[in-house]
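Given next are the chains, with one letter for each unit.
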Amino acid sequence: MAFSSSISSSLCKLSSQNAHSPDYNSNKIFNSRCGPFSSLHQFPICKMGYVCQWGRRKSSSTPFISASLMDISLDKSMEKVQLPKGDIWSVHKFGGTCVGTSERIKNVAEIIVGDDSERKLVVVSAMSKVTDMMYDLIYKAQSRDDSYLFAVDAVLEKHRLTALDLLDGDDLASFLLQLHHDVNEIKEMLRAIYIAGHATELFSDIIVGHGELWTAQMLSSVVRKKGVDCQWMDTRDVLIVNPTSANQVDPDFVESEIRLKKWFSQNPAKTIVATGFIASTPQNIPTTLKRDGSDFSAAIMGALFRAGQVTIWTDVDGVYSADPRKVADAVILNKLSYQEAWEMSYFGANVLHPRTIIPVMQYDIPIVIRNIFNLSAPGTMICRPSVDENEGSQCLDSPVKGFATIDNVALINVEGTGMAGVPGTASAIFSAVKDVGANVIMISQASSEHSVCFAVPEKEVEAVAEALQSRFRQALDAGRLSQVAVVPNCSILATVGEKMASTPGVSASLFSALAKANVNIRAIAQGCSEYNITVVVKREDCIRALKAVHSRFYLSRTTIAMGIIGPGLIGGTLLDQLRDQAAVLKEDFNIDLRVMGITGSNTMLLSDSGIDLSRWRELVKEKGEVADMQKFVNRVHGNHFIPNTVLVDCTADSNVASHYYEWLRKGIHVITPNKKANSGPLDQYLKLRALQRQSYTHYFYEATVGAGLPIISTLRGLLETGDKILRIEGIFSGTLSYIFNNFKGTRNFSEVVSEAKQAGYTEPDPRDDLSGTDVARKVIILARESGLKLELSDTPVQSLVPEPLRAAASAEEFMQQLPQHDKDMAKQLQDAEDAGEVLRYVGVVDVINQKGLVELRRYKKDHPFAQLSGSDNIIAFTTARYKNQPLIVRGPGAGAQVTAGGIFSDVLRLASYLGAPS
């Protein structure tokens, strides 16, 4: 069991002699599952002067006899304990992220215990980052970097601390003893690598496989603590694979099944925790299944057990219709066929490695991709489509399931008139490619045989081109081939869907969408099965192409759970608008907006199925309960049948805004007219925006500036299309717009303010409007959207509140004393009118000088700012494109209806991003 080591040439010679002893090649199966190198007992490891002691042998005959007796014993025990197979088994695979900490390992154990299947097999990876740490140990050792010793200790400490948190008693003592033993052996092996300056594949496979062994042992102990009959399996005792020349392995299912039956006869547990990633060769030499090997392990085990289902647990909700980092409105696919998943994974989608699908296809075992951090998400099922689906019972479904891309590829085009009708040309081309070890991703050939075009990874294109130039030098010199051309900086876009074969016009729709997006296609490939259509485009066009085809094909019903915070004037108006539009959205746009909760500062209303908006005010009074923000959020977001949640903050409360970051991290979308978050402390704003860019959740705030006017979206459109913002100037306050539109002639300033207050244009305390703070917040929001890193305190603000009245005890006292200060404003008005000008209270973002300001300014009467009426807003964008004549956005900038309409527009934009048809 132990892999005790020493550096000794004499022992190496002895080991070499033992290798030729009669008992060396016996098929003995060692019952030493806890030892990481039990399968090495029969093999000398003499490379690099590194020698191992495989155990003591008393004589050459004794082991042979013992092996025979063991085989007889195993055969007899197998007669008593048969390996059950079939749907009674469910297979779970947990990746490194799922078992990355002790807390996550406990969560995994809960999932295992909670599975009501009769029998369970669990395949685990090493803890998060451990495999990379192991490879780093090998790299440092062979580079003769002494820090590998400290790195080994870090690996030991990581697992020791995890074990201390998970285990106790004999389980803890046993594991720690084995852990220290294993680490000492790893140190000896690394020392040998250090001396030789080289690591063999065998040594590397042995070292990196420890992470899975340790995880499996710890998890099985945790499961047993919960009263479940559980054993752990070192899959090197069971899984037998044959290495291939392509740095991959092929499972030997016949031999693996024999060994599985023997293993199970000794360990007839109803729950088995097995190591992923590692296996053995037919000669019992430890090896690995290479990268993505744990998924492969789970699929092989699923096939060996003929399991009812294989569940792959990851950190995403399932398979997306496209990469959500590139397509914001990508959605989770409920179901994929084996072929669709195969195609998407080959072309770069984060689904499964193609080889993972092969073992389960033979027995029609479904694979389910699920998120361990979001158990409410049903995930994506990969299975054979039913007969009804193949016959088109779901004819309204999109024929396209998803899109995948591969970046950093190059096209190689071999063309010439001498190729046409000449047998063996293609064979010669790809033989040359094979000789340099390059991977051909796709091939395209014109029917005229004038040219052959294929794509390879960009890092391999230079070697391939040189090989082809050398191979066809004579043909090129003679003119039979005109060129071997390289087209660099390309990307591949694959459109995948099993129903494309039976749906006319898919190719036409695909190419039409690309043409409308102004994307040029460099090459096309499609097999006769029509499972995928592949095109090559410029790398710079890839994301645009992906978005264009995704929006063209992907139609899905979108249901969103909504929570409304602040059912006051704006929030109440929004709820009424949702009520009036709900039926139209469902029937005509496949959008189902369900308000699951409404909360004010004192009372909240919650529902599991959706609040009846026709009487929401009555329901708040009848069934309302004491407001509790945490309970509100958990309830709205906790509905397992609605995967998308949005919270709409209709308040002006900075405390509510402080929760945005937390909500977005939980996967909750946020929509708001509340300016506090985007104009608050710069570091918090930058943190919020960074999270928004990194996560798949959306944060919309169009109504923070200009109510329902498209100010934010216009600014973003300019920036995203490459325009450069020079200056933004505007009248941002509907209240102050109304006041100065009516402050003219002989009217007193206080009179106009009082009129605005009575009409409901001002805040309850008009000083909140006259102070200019609200305008300053809008200036800061636009400045930050333009790329300026400004604080609210950096913006000079001219307050219209007279100095003596700023400390007035109440709004009533302020309004009573305001007429005493009319003379100052009257003088400014008179001076402006004498000059043929008007007064306007404006905010300015000066991008060139990187500053913002808010002040009362004078404008000529023919200026657009002087043409306003009522409470209109007007914003002028001066940019590199709109330099001589600014781009102007004008319209109502205040009022509950337009503000609620702006919020509603953001809600529908969110629905579009989540998959609703546009």
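What counts and what doesn't
- Per chain, residue numbering runs from 1 following the sequence as it is written.
- Totals for whole chains, interfaces and linings use all residues, but because this is a predicted model, local features are given only for residues with pLDDT of at least 70 and pairs of side-chain atoms are given and counted only at 80 or more.
- The side-chain numbers reported here are obtained from all heavy atoms of the structure, hydrogens and water having been left aside.
- Working definition: helices are DSSP H or I runs of at least four residues, strands are E runs of at least two. Numbering for both runs from the N terminus.
- Only protein chains enter the accessibility calculation, which uses a 1.4 Å probe. A residue is then buried if its area is under 20% of the maximum for its type, exposed if over 50%, and partly exposed in between.
- Contacts are residue-level and defined by heavy atoms, with any inter-residue pair within 4.5 Å sufficient.
- Per-residue and other accessible areas follow the Shrake-Rupley method at a 1.4 Å probe size, with only the shown protein chains counted as cover for residues.
- In this scheme, strands are said to pair when DSSP sees at least two bridges between them.
- Note on geometry: axes are C-alpha line fits, over the in-contact stretch for helices, and angles between N-to-C directions span 0 to 180 degrees.
- In plain words, nonpolar cores are sets of buried Ala, Val, Leu, Ile, Met, Phe, Trp, Tyr and Cys residues tied together by side-chain atoms within 4.5 Å.
- Note that patches include only residues with greater than 30% relative accessible area and no salt bridge, and the join distances are 9 Å for like charges and 5 Å for nonpolar side chains (Val, Leu, Ile, Met, Phe, Trp, Tyr).
- Any Lys or Arg side-chain nitrogen found within 4 Å of a carboxyl oxygen on Asp or Glu counts as a salt bridge.
- Put simply, angles under 35 degrees are roughly parallel, angles over 145 are roughly antiparallel, angles from 65 to 115 are roughly perpendicular, and the rest are oblique.
- Each crossing gets its handedness from the near helix: less than a right angle anticlockwise from the far helix is left-handed, clockwise is right-handed.
- The classification used treats Ala, Val, Leu, Ile, Met, Phe, Trp, Tyr, Cys and Pro as nonpolar, Asp, Glu, Lys and Arg as charged, and all other residues, Gly among them, as polar.
- Aromatic pairing here means that ring centres of Phe, Tyr or Trp (its six-membered ring) are within 6.5 Å. Orientation follows from the plane angle: under 30 degrees is stacked, over 60 is edge-to-face, and everything else is tilted.
- Counted as over-ring charges are cases with an Arg CZ or a Lys NZ within 6 Å of the ring centre that also lie within 35 degrees of the ring normal.

Undergrad: Quick question: what am I supposed to make of the overall build of the protein chain here?
TA: What the protein chain contains, in helices and strands, is 33 helices and 32 strands. Residues counted as buried form 54% of the 918 residues belonging to the protein chain. When contacts within the protein chain are restricted to residue pairs at least 6 apart in sequence, those whose partners lie at least 24 apart make up 73%. Summed over its atoms, the accessible surface of the protein chain is roughly 40600 Å², and 49% of this surface lies on carbon and sulfur atoms.

Undergrad: Got a minute to help me understand the pairing of strand 28 (residues 725-731) in this structure?
TA: The side chains of a regular strand alternate, first on one face of the sheet and then on the other. Counting buried positions over the seven residues of strand 28 gives six, a clear majority of the element. In this structure, strand 28 lies alongside strand 31 (residues 872-879), joined through six bridges in antiparallel fashion. In the sheet register, Ile-728 faces strand 31, and the bridge partner there is Phe-877. Here four bridges tie strand 28 to strand 29 (residues 837-846), and the two strands are oriented antiparallel to one another. When the sheet's bridge partners are listed, Gly-730 is paired in strand 29 with Gly-843.

Undergrad: Can you walk me through the sheet that holds strand 18 (residues 483-496) in this structure?
TA: For sheets, the rule is that strands pair by backbone hydrogen bonds, running either parallel or antiparallel. Strand order in the open sheet formed by six strands is 16-17-15-18-20-19, and the pairing between neighbours is antiparallel. A strand with exactly one partner marks an edge of an open sheet, and here the two such strands are strand 16 (442-445) and strand 19 (521-526). Across the sheet, the mean angle separating the axes of adjacent strands is 30° when strand polarity is ignored. In the sheet, strand 15 (residues 402-415) pairs with strand 17 (residues 451-457) via seven bridges, with the strands oriented antiparallel. Paired with Ala-410 across the bridge in strand 17 is Val-456. Most of the contacts of helix 11 (residues 338-346) go to strand 15, to which it runs at about 60°, and overall it touches strand 15, strand 18 and strand 20 (532-538). The sheet strands contacting helix 14 (residues 425-435) are strand 15, strand 16 and strand 17, and the helix crosses strand 17 at an angle near 15°.

Undergrad: Looking at this structure, I do not really get the nonpolar core. What am I missing?
TA: Soluble globular proteins tend to pack their nonpolar side chains together in the buried interior. Ranked by size, the top nonpolar core spans 68 residues in total, and within it Trp-663, Ile-728, Ile-739, Phe-740, Leu-770 and Leu-782 carry the most contacts. For this core, the element with the highest residue contribution is helix 30 (residues 773-785), accounting for seven residues. Residues contacting Phe-740, with those up to four places away along its chain left out, are Phe-749, Leu-800, Met-825, Leu-839, Arg-840, Tyr-841 and Leu-856. If you look at the next biggest cluster of nonpolar residues, it comprises 56 residues, including Val-124, Val-130, Ile-193 and Val-273.

Undergrad: How do you make sense of a nonpolar patch on the surface when you look at a structure like this?
TA: There is a patch of nonpolar side chains on the surface, built from Trp-342, Tyr-346 and Ile-358 and spanning about 280 Å² of accessible area. Tracing the backbone through its elements, the reader meets Ile-358 in helix 12 (residues 354-361). For Ile-358, a relative accessible area of 46% corresponds to the partly exposed category.

Undergrad: Explanation requested: the environment of Ile-382 in the structure shown.
TA: The topology assignment puts Ile-382 in strand 14 (residues 380-383). A sequence separation of 63 residues divides Ile-382 from Val-319, and the C-alpha atoms of the two residues are 9.6 Å apart.

Undergrad: Where do I start with the packing of helix 3 (residues 102-114) against helix 5 (residues 148-166) in this structure?
TA: Between helix 3 and helix 5, the shortest axis-to-axis distance is 9 Å and the interhelical angle comes to 50°. In this view, helix 3 runs oblique relative to helix 5, as classed from their interaxial angle. As helix 3 packs across helix 5, the resulting crossing turns out to be right-handed. Every residue of helix 5 that contacts helix 3 at Ser-102, Ile-105 and Lys-106 is listed here: Thr-162, Asp-165 and Leu-166. Residues of the contact of helix 3 with helix 5, tallied by class, amount to two nonpolar, two polar and two charged.

Undergrad: Is there a simple way to explain the pattern of salt bridges in this structure?
TA: Between side chains of opposite charge, a pair can form when the charged atoms approach closely. Here the structure, examined in full by the defined rule, presents 43 salt bridges. When the shortest N-O distance is used, the salt bridge between Asp-765 and Arg-767 registers 2.8 Å. Look at the salt bridges and you will find they share partners, linking Asp-576, Arg-579, Asp-580 and Arg-617 into a network.

Undergrad: Looking at this structure, I do not really get the packing of aromatic side chains. What am I missing?
TA: Each aromatic ring pair is characterised by the separation of its centres together with the angle its planes make. Counted according to the given criterion, the structure contains 13 aromatic pairs. Lying across the ring of Phe-472, Arg-471 places its NZ or CZ 5.2 Å from the centre. Its guanidinium or amino end placed over the ring of Tyr-661, Lys-687 lies 4.4 Å from that ring's centre, counting from NZ or CZ.

Undergrad: Before we go on, may I ask you to explain unusual backbone geometry in this structure?
TA: Trans peptide bonds make up most of the peptide bonds, and negative phi angles are found at most residues other than glycine. Phi at Lys-129 takes a positive value of approximately 75°, unusual for a residue other than glycine. Examined against the element boundaries, Lys-129 turns out to sit in the loop between strand 4 (119-124) and helix 4 (130-142). Judged by its relative accessible area of 59%, Lys-129 is exposed. Notably, Asn-408 is not glycine yet its phi reads approximately 60°, a positive angle. On the secondary structure map, Asn-408 appears in strand 15.

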